[in-house]
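Examining the three-dimensional arrangement
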Amino acid sequence: AQRVTQPEKLLSVFKGAPVELKCNYSYSGSPELFWYVQYSRQRLQLLLRHISRESIKGFTADLNKGETSFHLKKPFAQEEDSAMYYCALSLSYNTDKLIFGTGTRLQVFP
Amino acid sequence: GAGVSQSPSNKVTEKGKDVELRCDPISGHTALYWYRQRLGQGLEFLIYFQGNSAPDKSGLPSDRFSAERTGESVSTLTIQRTQQEDSAVYLCASSLNARDFYGYTFGSGTRLTVV
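These remarks concern the structure in this document. (Residues numbered from 1 in each chain as written. Chains lettered and ligands numbered in written order. Predicted model: local features only at pLDDT ≥ 70, side-chain atom pairs only at ≥ 80, totals over all residues. Heavy atoms only, no water.)

Moving on, we get to the state of the cysteines. Tallied over the full model, the rule gives two disulfides over all chains. What pairs with C23(A) in a disulfide is C87(A), and their sulfur atoms sit 2.0 Å apart. Note on the C23(A) and C87(A) pair: the S-S dihedral is about -65 degrees, so by sign convention the disulfide is left-handed. Here C23(A), found in the loop between β3 (19–21) and β4 (24–26), pairs with C87(A), found in strand β9 (residues 83–90); they are 64 residues apart in sequence, far enough to count as distant. Given a relative accessible area of 0%, C23(A) falls into the buried group. One disulfide in the model links C23(B) with C92(B); its S-S distance is 1.9 Å. (Disulfide = S-S within 2.5 Å. Helix = DSSP H or I, 4+ residues; strand = E, 2+ residues; numbered from the N terminus. Buried < 20%, exposed > 50% of the residue type's maximum accessible area, 1.4 Å probe, protein only.)

Below, the structure written as structure tokens:
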């Protein structure tokens, strides 16, 4: 079955430290992967998608099909990055539903 | 409206009662999705509406769950004979078109508690 795994429920770092939020998926086809973020008292919103190969708010994520991973990275964490982060998988190009991981809470201490 | 609106924001109901949750998508958005998030778990897909096509109901967990959408407007998610395991945050999202993931906008959710 298709699945998205985020092994860490909580990740705590100090400001300026590198951050890597792990995401692994299981899907035999060609996946499309996303990272969503939910800041305190705000709605869930898209952070980035693998197909765009972009950097948003200093975050990047590379799809590694060999390791079936899509880890989210930032070289220098900021306090405002503290939030819940969800990795999500879209199965193919003819369906719109997303499969979400359980989320990782990132805490960045000053 | 400016965003996806969900009501009520909180609902406490007794086990066995029926509940209706409402979602007002962004005007003009043809696609509408319902997800459920139980405590400590990820978002779980429930149902998807796209224009006038038949909805994708593959995520509905049981026949106690149903949803309707009139045209490209409001959607209601109905849970009959609620059970304690139905307690969750129910999230609605809408997007302009199919696969418009950049425009995939979530509401703030309805927190349902079944006592």
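Structure's up, so let's keep going.
All names here are of chain A. Ranked by internal contacts, the top residues of the largest apolar core, which has 25 residues, are W35, L72 and Y85. Those elements that provide at least two residues to this core are β2 (10–14), β3, β5 (32–38), β6 (45–49), β9 and β11 (104–109). Per-element accounting of this core gives the leading share, four residues, to β9. Discounting residues that sit within four places of it in the chain, L72 has contacts with V19, E20, L21, W35, L47, L48, F59, T60, A61 and Y85. (Core = buried A, V, L, I, M, F, W, Y, C linked by side-chain atoms within 4.5 Å. Contact = heavy atoms within 4.5 Å.)

A few words now on the side chain of R64(B). Residue and element names in this part refer to chain B. Relative to the elements of secondary structure, R64 occurs in the loop between β5 (43–50) and β6 (65–69). A distance of 3.2 Å separates the side chain of R64 from the backbone oxygen of R81, its partner in a polar contact. At 2.8 Å, the side chain of R64 and the side chain of D86 are in polar contact. Other than its neighbours up to four places away in sequence, R64 contacts T78, I79, Q80, R81, T82, Q83 and D86. (Polar contact = N/O pair within 3.5 Å; in protein donor to acceptor, adjacent residues only side chain to side chain.)

Here the focus is the sheet that holds strand β8 (residues 72–74) of chain A. Residue and element names in this part refer to chain A. Strands sit in the order β3-β8-β7 across an open sheet of three strands; the sheet is antiparallel. Unpaired on one side and paired on the other, β3 and β7 (60–61) mark the two borders of the sheet. The pairing of β7 with β8 spans two bridges and is classified as antiparallel. Bridged to T60 within β8 is K73. (Pairing = 2+ DSSP bridges.)

Turning our eyes to something else, we now look at the pairing of strand β4 (residues 31–37) of chain B. Residue and element names in this part refer to chain B. Judged by how many residues are buried, β4 sits mostly within the fold: seven of seven residues are covered. Residue alternation in β4 divides its side chains into two sets, A31, Y33, Y35 and Q37 and L32, W34 and R36, and both sets are buried. Bridge analysis of β4 against β5 gives seven bridges, and the strand direction is antiparallel. Across the sheet, residue Y35 finds its bridge partner in β5, namely F45. Turn length for the β4-β5 hairpin, with the two strands adjacent in sequence and antiparallel, is five residues, and the turn residue G40 shows positive phi of about 75 degrees. In this structure, β4 lies alongside strand β8 (residues 88–95), joined through seven bridges in antiparallel fashion. Residue pairing across strands places L32 opposite S94, the latter belonging to β8.

Next up on the list: the interface of chain A and chain B. Listed per partner, the contact involves 22 residues of chain A and 21 residues of chain B. Together chain A and chain B conceal approximately 1800 Å² of surface at their shared face, both sides included; 51% is due to carbon and sulfur atoms. When the area that chain A buries against chain B is broken down by residue, the three leading residues are R43(A), D96(A) and K97(A), summing to 37%. Seen at the junction of chain A and chain B, the total is zero salt bridges. At the junction of chain A and chain B, the tally comes to three residue pairs in polar contact (both at pLDDT 80 or more). Of all the elements in the fold, those that place two or more residues in the side of chain A that touches chain B are β5, β6, β9 and β10 (98–100) of chain A. With three residues, the single largest contributor to the side of chain A that touches chain B is β5(A). A breakdown of the residues in the side of chain A that touches chain B according to their chemical character gives eight nonpolar, seven polar and seven charged. (Buried area = accessible area lost by both parts, 1.4 Å probe. Salt bridge = Lys/Arg side-chain N within 4 Å of Asp/Glu carboxyl O. Nonpolar A, V, L, I, M, F, W, Y, C, P; charged D, E, K, R; others polar.)

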